[in-house]
Every structure is written in C-alpha cells, then in structure tokens.
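# Structural description and commentary
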Amino acid sequence: MASATQLTHRGIHLARLYRSSWSKPLFRNMATKPILYSYWPSSCSWRVRVALAIKKIDYDIKPTSLLKTVSGHAYTDEYREVNPMQKVPSLKIDGHTLCDSVAIMHYLEETRPQPALLPQDPVKRAKVREIVELICSGIQPLQNSSVLNHIGKDQSLQWAQHWIARGFQGLEKVLSQSAGKFCVGDELSMADICLVPQVRNARRYKADLTPYPTIIRLNQELQELDVFKATHPSTQPDCPPEFAKK
C-alpha cells in the first residue's frame with residue numbers, strides 16, 4: 001500500500017501533468033496581436049474595446065458592419081467561419097476565437113488578471129456580475145438592431161424606448177444601492193464597461209433618462225475616463241465622417 005507521502009507526491013505530479021495538458025494550447029500564439037472584429041456603433045463591440053484598453057492589450061481592429069449595404073459586413077460565408085451567429089464582436093486572441101462580449105471580458109480577466117475587471121470581494125464580484133447580466137441579458141438584446149429590424153421601422157422606436165425604460169427602472173434601483181464612484185463601490189469593473197454603451201443606446205433611441213439620476217451621474221463620470229474616450233464609437237476607423245469627433 002502506498003504511503004500518504006507517496007500519494008501526495010503522485011497527486012502533485014498528476015496535477016502538474018494536467019495543468020501542462022491544458023495550459024499549452026490555451027496560451028498558444030500569445031505573441032500574435034489580437035484581432036477584434038468590431039462595428040463602430042455596436043455597444044457590445046464598445047464593451048470589448050474598453051476592456052482591452054483597461055488591460056492595456058494592443059490589438060488590430062477589423063471593421064465588420066451589421067449593414068449589408070456596407071463592404072466588409074458580417075453576413076458573408078467568410079465571417080460565418082469566424083462567428084457562426086454573424087454578430088459582433090469577435091476576438092481572435094491566443095490562437096482562439098471568442099464571439100460574445102461578456103465571454104471575452106471574462107477570458108481577458110482570467111488570463112490577464114491585472115488591471116482587474118472584477119473586485120476581490122465575493123459579494124462585490126457577484127454584484128458586478130448581476131449588473132452585467134441586467135444590461136447584457138435584460139436590456140440590450142431587446143433593442144439591438146436585429147430585433148428592431150424584425151419589428152419594423154414604424155414600431156421600433158417605441159419598442160426600444162419601452163424596454164430601455166423597463167430595464168433602467170430596475171437598474172437604477174440596483175445602482176442606487178451599490179454605487180460609489182463607480183457602479184459597484186469605487187472600483188472600475190465590468191459593470192461600468194457595460195453601463196456606458198447602454199446609456200449611449202438609450203440616447204440613440206431618445207429614451208427619457210431624467211428618472212435615473214444614478215445612471216446619469218455614473219455615465220457622466222465614466223465618460224471622462226481615457227479608456228472610454230479613446231474607444232468611443234466616434235473615434236473608430238469605420239465611423240462615418242459625419243459622426244466622427246472633430
């Protein structure tokens with residue numbers, strides 16, 4: 001019978017072999033610059049641009065329009081090989097391709113932990129994830145371009161305003177209890193990364209923001225940060241001249 005010491009050494013050896021088996025493919029091609037497939041007004045694309053900026057990750061950008069009338073659009077067989085849903089963003093990084101903004105942010109956090117996008121405190125981490133899901137699952141998908149195109153031009157604005165207002169009512173209450181300088185206390189996090197693009201969407205669809213003072217305050221302060229200024233939709237290479245910042 002093996003001794004306790006032998007079993008311990010065997011366990012350590014197996015753990016090292018296991019780590020070796022998955023860590024090598026996970027981080028292959030780390031020297032290759034990431035490629036971000038992004039569309040300038042896309043709130044989901046903006047989230048990833050901010051996360052990359054916070055992490056100080058240099059990358060190449062490949063503009064990918066969600067309009068079929070624009071060259072380099074997402075509805076090609078070539079782009080379907082990158083993203084089966086033919087949406088943005090997609091990120092090629094470390095030899096892998098990831099196709100959802102929240103999944104991408106978590107991958108960046110887990111592979112490049114500093115600067116952090118999640119607080120260390122478990123309750124605050126959970127609150128950040130809660131706010132991320134409120135925005136990314138409960139608000140933004142109901143007013144994204146594919147949904148509004150399906151609803152039709154005559155009803156799309158009213159639809160977007162209704163669901164943004166419905167979502168912001170709940171979000172305002174959550175943020176009024178969790179916010180400090182940022183969405184959750186005084187640490188910049190994924191919640192802030194998701195909030196600013198969603199407020200831009202709300203203004204794009206002419207939603208009334210006056211009932212949401214916490215959202216307005218946070219958005220104003222966050223927009224003054226360099227990571228949001230540098231990645232703003234109006235600064236993107238595919239932004240039409242009439243929308244570009246002068």
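Position numbers for residues start from 1 in each chain and track the written sequence from start to end. Local features in a predicted model are, by the rule used here, given only for residues with pLDDT of at least 70; side-chain atom pairs are given and counted only at 80 or more, and totals for whole chains, interfaces and linings are based on all residues. For side-chain calculations, the full set of non-hydrogen atoms in the structure is used, while hydrogens and water are omitted.

Put simply, the test is: UniProt positions are given in the numbering used here, feature names are shortened, and annotations may be inferred rather than shown by experiment.
Looking at an unreviewed UniProt entry, one finds the protein chain named maleylacetoacetate isomerase and attributed to Drosophila simulans. In UniProt, the protein chain has this text filed under Catalytic activity (unreviewed entry): "4-maleylacetoacetate = 4-fumarylacetoacetate". As stated in UniProt under Pathway (unreviewed entry), the record for the protein chain gives "Amino-acid degradation; L-phenylalanine degradation; acetoacetate and fumarate from L-phenylalanine: step 5/6."

## Structural notes on the nonpolar core
Here is a general trend for soluble globular proteins: nonpolar side chains tend to be buried in one another's company. What counts, and what does not: Note on terminology: a nonpolar core comprises buried Ala, Val, Leu, Ile, Met, Phe, Trp, Tyr and Cys residues joined through side-chain atoms within 4.5 Å. Each residue gets one of three labels from its accessible area relative to the maximum for its type: buried under 20%, exposed over 50%, partly exposed in between, using a 1.4 Å probe on protein chains only. Strands here mean DSSP runs of E at least two residues long; helices mean DSSP runs of H or I at least four residues long; both are numbered from the N terminus. A domain assignment, automatic or from a database, supplies the domain bounds used here.
Ranked by size, the top nonpolar core spans 50 residues in total, and within it Leu108, Ile131, Phe168, Leu171 and Leu195 carry the most contacts. Residue assignment for this core shows that the elements contributing at least two residues are α2 (43-54), β3 (90-93), α4 (101-111), α5 (122-136), α7 (153-178), α8 (190-204), α9 (213-222) and α10 (226-230). Sorting elements by how many residues they give to this core places α8 first, with eight residues. Looking at which domains feed residues into this core, each of domain 1 (35-114) and domain 2 (122-235) gives three or more.

## Comments concerning the layout of surface pockets
Just so we agree on the cut-off: Cavities and pockets are defined on a 1 Å grid built over the protein atoms alone: a cavity is a set of grid points where a 1.4 Å probe fits but cannot escape, while a pocket is an open set with protein on both sides within 12 Å along at least five of seven lines, and lining residues are those with an atom within 4 Å of any such point. Grid points are joined across faces, edges and corners, and a volume is the space filled by probe spheres set on the points. When residues are grouped by polarity, Ala, Val, Leu, Ile, Met, Phe, Trp, Tyr, Cys and Pro land in nonpolar, Asp, Glu, Lys and Arg in charged, and all others, Gly among them, in polar.
What the largest pocket holds in volume is close to 1200 Å³. Among the elements of the structure, α2, α4, α5, α6 (145-151), α7 and α8 are those that each provide at least two residues to the lining of the largest pocket. Structurally, the lining of the largest pocket is a two-domain feature, drawing no fewer than three residues from each of domain 1 (35-114) and domain 2 (122-235). Taken as a whole, the second largest pocket spans an internal volume of roughly 150 Å³. What lines the second largest pocket is simply Tyr37, Lys62, Pro63, Thr64, Gly72, His73, Thr76, Glu78, Tyr79 and Val82. At the level of elements, β2 (60-63) and α3 (77-82) are the ones that each hand at least two residues to the lining of the second largest pocket. The greatest single-element share of the lining of the second largest pocket, amounting to three residues, is contributed by α3. Of the residues that constitute the lining of the second largest pocket, the class distribution is four nonpolar, four polar and two charged.

## Examining unusual backbone geometry
Excluding glycine, a negative phi dihedral is what most residues carry, and trans is how most peptide bonds are arranged. Backbone torsion omega between Val88 and Pro89 reads 5°, so that peptide bond is classified as cis. With respect to the helices and strands, Pro89 occurs in the loop between α3 and β3. Here the amide bond leading from Gln114 into Pro115 is cis, since omega sits at -10°, within 30 degrees of zero. Residue placement: Pro115 occurs in the loop between α4 and α5. The backbone of Lys206 sits at a positive phi, close to 60°, despite the residue not being glycine. Looking at the element boundaries, Lys206 is found in the loop between α8 and α9.

## Digging into the confidence of the model for the protein chain
Stated precisely, the cut-off is as follows: Every residue gets a pLDDT, meaning the predictor's confidence in that residue, from 0 to 100. In this analysis, two residues are considered to be in contact whenever any of their non-hydrogen atoms come within 4.5 Å of each other.
The predicted model of the protein chain averages 90 in pLDDT, with 87% of residues at 70 or higher. Across residues 4-25 the pLDDT falls below 50, and counting only partners more than four positions away or on other chains, this stretch makes five contacts in the model.

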